[in-house]
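Residues per chain, in single letters:
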Amino acid sequence: LRAVAGPAALYAQEADAGLAALTALRLALGAGGTHSSPPSPGAEGTHSSPPSLAVRTGDTLRSDAFARLATDTVLCHPPFNDRNWGHDELAYDPRWEYGFPARVESELAWVQHALARLRDGGTAVLLMPPAAASRRSGRRIRADLLRRGALRAVIALPAGAAPPYGIPLHLWVLRRPTPGVRPGPDLLLADTAGLAA
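*Asks:* In this structure, what is going on with the overall build of the protein? I would like to understand it.
*Replies:* The secondary structure content of the protein amounts to three helices and seven strands. Its helices and strands taken in sequence order, the protein reads β-α-β-β-α-β-α-β-β-β from the N to the C terminus. Sorting the 197 residues of the protein into buried and exposed places 39% on the buried side. Considering only contacts in the protein between residues 6 or more positions apart, those separated by 24 or more positions represent 69%.

*Asks:* Before we go on, may I ask you to explain the sheet that holds strand β6 (residues 170–175) in this structure?
*Replies:* In spatial order, the strands read β3-β4-β6-β5-β7; together these five strands make up an open sheet with mixed pairing. The outermost strands of the open sheet, each flanked by one partner alone, are β3 (71–76) and β7 (188–191). Shown here is a sheet whose adjacent strand axes are inclined to one another by a mean of 10 degrees, direction ignored. Helix α2 (residues 106–116) rests against β3, β4 (118–128) and β6 of the sheet, and its axis sits at about 150 degrees to β4.

*Asks:* Teacher, can you tell me more about the environment of Thr60 here?
*Replies:* Among the secondary structure elements, Thr60 is positioned in the loop between β2 (52–57) and β3. Residues Thr60 and Pro78, spaced 18 residues apart in sequence, show a C-alpha to C-alpha distance of 9.8 Å. Setting aside residues no more than four positions away along its own chain, Thr60 makes contact with Gln13, Arg95, Trp110 and His113.

Procedures and definitions
- Residues numbered from 1 in each chain as written.
- Predicted model: local features only at pLDDT ≥ 70, side-chain atom pairs only at ≥ 80, totals over all residues.
- Heavy atoms only, no water.
- Helix = DSSP H or I, 4+ residues; strand = E, 2+ residues; numbered from the N terminus.
- Buried < 20%, exposed > 50% of the residue type's maximum accessible area, 1.4 Å probe, protein only.
- Contact = heavy atoms within 4.5 Å.
- Pairing = 2+ DSSP bridges.
- Axes fitted to C-alpha atoms, helices over the stretch in contact; angles between N-to-C directions.

As C-alpha coordinates, then:
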(Lines give C-alpha, C1' and ligand atoms only; values in the text may rest on other atoms or scores of the structure.)
Protein backbone atom coordinates (compact mmCIF):
# COMPACT_ATOMS: atom_id res chain seq x y z
CA LEU A 1 0.00 0.00 0.00
CA ARG A 2 2.90 2.37 0.66
CA ALA A 3 3.92 2.06 -3.00
CA VAL A 4 0.67 3.64 -4.24
CA ALA A 5 1.53 7.07 -5.67
CA GLY A 6 -0.43 10.05 -4.34
CA PRO A 7 -3.44 8.36 -2.73
CA ALA A 8 -6.11 10.44 -1.02
CA ALA A 9 -6.76 7.59 1.40
CA LEU A 10 -5.52 4.09 2.23
CA TYR A 11 -7.84 1.43 3.63
CA ALA A 12 -6.68 -1.91 5.02
CA GLN A 13 -8.28 -4.88 6.74
CA GLU A 14 -6.42 -7.78 8.32
CA ALA A 15 -7.79 -10.74 10.28
CA ASP A 16 -4.86 -10.84 12.72
CA ALA A 17 -5.03 -7.98 15.25
CA GLY A 18 -1.23 -7.85 15.65
CA LEU A 19 -0.64 -7.60 11.90
CA ALA A 20 -3.38 -4.97 11.60
CA ALA A 21 -1.66 -2.84 14.26
CA LEU A 22 1.72 -3.29 12.55
CA THR A 23 0.16 -2.34 9.21
CA ALA A 24 -1.35 0.82 10.68
CA LEU A 25 2.01 1.80 12.20
CA ARG A 26 4.00 1.15 9.00
CA LEU A 27 1.48 3.05 6.87
CA ALA A 28 1.44 5.98 9.28
CA LEU A 29 5.25 6.14 9.34
CA GLY A 30 5.40 5.87 5.56
CA ALA A 31 2.76 8.57 5.09
CA GLY A 32 4.49 11.03 7.40
CA GLY A 33 1.34 11.58 9.43
CA THR A 34 -2.38 10.97 9.25
CA HIS A 35 -5.68 12.74 9.18
CA SER A 36 -8.21 11.87 11.83
CA SER A 37 -10.63 10.20 9.43
CA PRO A 38 -10.61 9.01 5.83
CA PRO A 39 -12.43 11.02 3.18
CA SER A 40 -15.72 9.83 1.82
CA PRO A 41 -15.42 6.81 -0.51
CA GLY A 42 -16.24 9.01 -3.51
CA ALA A 43 -13.33 11.40 -2.90
CA GLU A 44 -10.94 11.53 -5.84
CA GLY A 45 -7.73 13.14 -6.93
CA THR A 46 -4.11 13.27 -5.98
CA HIS A 47 -3.23 15.18 -2.84
CA SER A 48 0.06 16.61 -1.69
CA SER A 49 -0.90 16.16 1.97
CA PRO A 50 -0.42 12.75 3.59
CA PRO A 51 -3.23 10.29 2.87
CA SER A 52 -5.73 9.47 5.56
CA LEU A 53 -5.53 5.93 6.89
CA ALA A 54 -8.16 3.46 8.02
CA VAL A 55 -6.96 0.05 9.23
CA ARG A 56 -9.48 -2.42 10.63
CA THR A 57 -9.25 -5.89 12.16
CA GLY A 58 -11.56 -8.67 11.03
CA ASP A 59 -12.39 -11.35 8.49
CA THR A 60 -12.83 -9.40 5.28
CA LEU A 61 -14.97 -12.00 3.50
CA ARG A 62 -17.41 -12.46 6.38
CA SER A 63 -17.34 -8.98 7.89
CA ASP A 64 -16.07 -6.40 5.41
CA ALA A 65 -15.27 -3.18 7.26
CA PHE A 66 -15.45 -1.23 3.98
CA ALA A 67 -18.43 -2.93 2.33
CA ARG A 68 -19.65 0.25 0.59
CA LEU A 69 -16.23 1.38 -0.57
CA ALA A 70 -15.32 1.51 -4.26
CA THR A 71 -11.59 2.06 -4.82
CA ASP A 72 -9.16 2.57 -7.67
CA THR A 73 -6.78 -0.18 -6.52
CA VAL A 74 -7.01 -3.31 -4.37
CA LEU A 75 -3.92 -5.21 -3.18
CA CYS A 76 -4.51 -8.56 -1.52
CA HIS A 77 -2.57 -11.50 -0.10
CA PRO A 78 -5.41 -13.90 0.71
CA PRO A 79 -5.07 -17.01 2.85
CA PHE A 80 -4.43 -20.08 0.68
CA ASN A 81 -6.42 -23.34 0.72
CA ASP A 82 -8.81 -22.05 3.39
CA ARG A 83 -11.71 -24.50 3.64
CA ASN A 84 -13.41 -22.34 6.29
CA TRP A 85 -13.73 -19.11 4.26
CA GLY A 86 -17.49 -18.77 4.71
CA HIS A 87 -18.79 -20.97 1.88
CA ASP A 88 -22.07 -21.85 3.61
CA GLU A 89 -23.02 -18.48 5.10
CA LEU A 90 -22.00 -16.47 2.01
CA ALA A 91 -23.84 -18.62 -0.57
CA TYR A 92 -26.05 -15.73 -1.79
CA ASP A 93 -23.52 -12.93 -1.48
CA PRO A 94 -23.72 -10.35 -4.31
CA ARG A 95 -19.92 -10.44 -4.72
CA TRP A 96 -20.13 -13.75 -6.63
CA GLU A 97 -20.62 -12.00 -9.97
CA TYR A 98 -18.51 -14.59 -11.82
CA GLY A 99 -19.94 -17.64 -10.06
CA PHE A 100 -20.22 -19.11 -6.58
CA PRO A 101 -16.79 -20.47 -5.55
CA ALA A 102 -16.54 -24.08 -4.43
CA ARG A 103 -15.51 -24.74 -0.84
CA VAL A 104 -11.98 -25.59 -2.07
CA GLU A 105 -11.73 -22.35 -4.07
CA SER A 106 -11.25 -19.75 -1.33
CA GLU A 107 -8.80 -17.89 -3.56
CA LEU A 108 -11.50 -17.34 -6.20
CA ALA A 109 -13.76 -15.94 -3.49
CA TRP A 110 -11.00 -13.42 -2.70
CA VAL A 111 -10.60 -12.58 -6.40
CA GLN A 112 -14.29 -11.74 -6.64
CA HIS A 113 -14.21 -9.82 -3.36
CA ALA A 114 -11.36 -7.67 -4.73
CA LEU A 115 -13.25 -7.02 -7.98
CA ALA A 116 -16.37 -6.06 -6.01
CA ARG A 117 -14.41 -3.36 -4.14
CA LEU A 118 -13.17 -1.67 -7.33
CA ARG A 119 -14.59 1.23 -9.28
CA ASP A 120 -15.23 0.54 -12.97
CA GLY A 121 -11.81 0.31 -14.61
CA GLY A 122 -10.04 -0.16 -11.25
CA THR A 123 -7.17 -2.63 -10.84
CA ALA A 124 -6.64 -5.43 -8.33
CA VAL A 125 -3.43 -7.37 -7.73
CA LEU A 126 -3.59 -10.60 -5.74
CA LEU A 127 -0.85 -12.99 -4.63
CA MET A 128 -2.15 -16.45 -5.55
CA PRO A 129 -1.01 -20.07 -5.27
CA PRO A 130 -0.33 -21.71 -8.66
CA ALA A 131 -3.10 -24.29 -8.04
CA ALA A 132 -5.76 -21.55 -8.25
CA ALA A 133 -5.07 -21.30 -11.99
CA SER A 134 -5.64 -24.98 -12.69
CA ARG A 135 -8.08 -26.58 -10.23
CA ARG A 136 -10.98 -28.18 -12.06
CA SER A 137 -13.55 -26.84 -9.57
CA GLY A 138 -12.70 -23.23 -10.48
CA ARG A 139 -12.74 -23.65 -14.26
CA ARG A 140 -16.12 -21.93 -14.83
CA ILE A 141 -15.22 -18.87 -12.74
CA ARG A 142 -11.79 -18.52 -14.37
CA ALA A 143 -13.37 -18.83 -17.83
CA ASP A 144 -15.85 -16.07 -17.01
CA LEU A 145 -13.06 -13.84 -15.66
CA LEU A 146 -11.26 -14.28 -19.00
CA ARG A 147 -14.35 -13.96 -21.19
CA ARG A 148 -15.43 -10.70 -19.55
CA GLY A 149 -11.91 -9.25 -19.57
CA ALA A 150 -11.50 -9.08 -15.79
CA LEU A 151 -8.31 -11.19 -15.64
CA ARG A 152 -5.59 -9.19 -17.41
CA ALA A 153 -2.32 -10.87 -16.37
CA VAL A 154 -0.87 -13.86 -14.53
CA ILE A 155 2.76 -13.45 -13.50
CA ALA A 156 4.64 -16.48 -12.14
CA LEU A 157 7.09 -15.39 -9.42
CA PRO A 158 10.28 -17.24 -8.51
CA ALA A 159 10.23 -19.35 -5.35
CA GLY A 160 11.17 -17.22 -2.36
CA ALA A 161 9.75 -13.98 -3.76
CA ALA A 162 6.95 -13.83 -1.17
CA PRO A 163 5.69 -15.88 1.77
CA PRO A 164 5.19 -18.80 1.89
CA TYR A 165 8.74 -18.88 0.56
CA GLY A 166 8.88 -22.57 -0.35
CA ILE A 167 6.63 -22.37 -3.40
CA PRO A 168 6.63 -20.18 -6.50
CA LEU A 169 3.53 -17.98 -6.40
CA HIS A 170 1.54 -16.08 -8.99
CA LEU A 171 0.41 -12.48 -9.19
CA TRP A 172 -3.03 -12.10 -10.71
CA VAL A 173 -3.75 -8.66 -12.15
CA LEU A 174 -7.45 -7.94 -12.62
CA ARG A 175 -9.43 -5.00 -13.87
CA ARG A 176 -13.09 -4.34 -13.13
CA PRO A 177 -14.82 -4.16 -16.52
CA THR A 178 -16.42 -0.84 -17.46
CA PRO A 179 -20.04 -1.32 -18.60
CA GLY A 180 -20.42 -0.80 -22.34
CA VAL A 181 -16.67 -1.05 -23.00
CA ARG A 182 -15.49 -4.27 -24.60
CA PRO A 183 -12.09 -5.25 -23.18
CA GLY A 184 -9.27 -6.36 -25.42
CA PRO A 185 -8.77 -10.11 -25.83
CA ASP A 186 -5.19 -10.01 -24.56
CA LEU A 187 -4.05 -11.80 -21.42
CA LEU A 188 -0.44 -11.31 -20.32
CA LEU A 189 1.27 -14.48 -19.11
CA ALA A 190 4.77 -13.98 -17.69
CA ASP A 191 7.18 -16.39 -16.04
CA THR A 192 9.81 -14.63 -13.94
CA ALA A 193 11.29 -17.79 -12.38
CA GLY A 194 14.55 -17.18 -14.26
CA LEU A 195 14.97 -13.84 -12.47
CA ALA A 196 15.38 -15.42 -9.04
CA ALA A 197 19.01 -14.33 -8.77
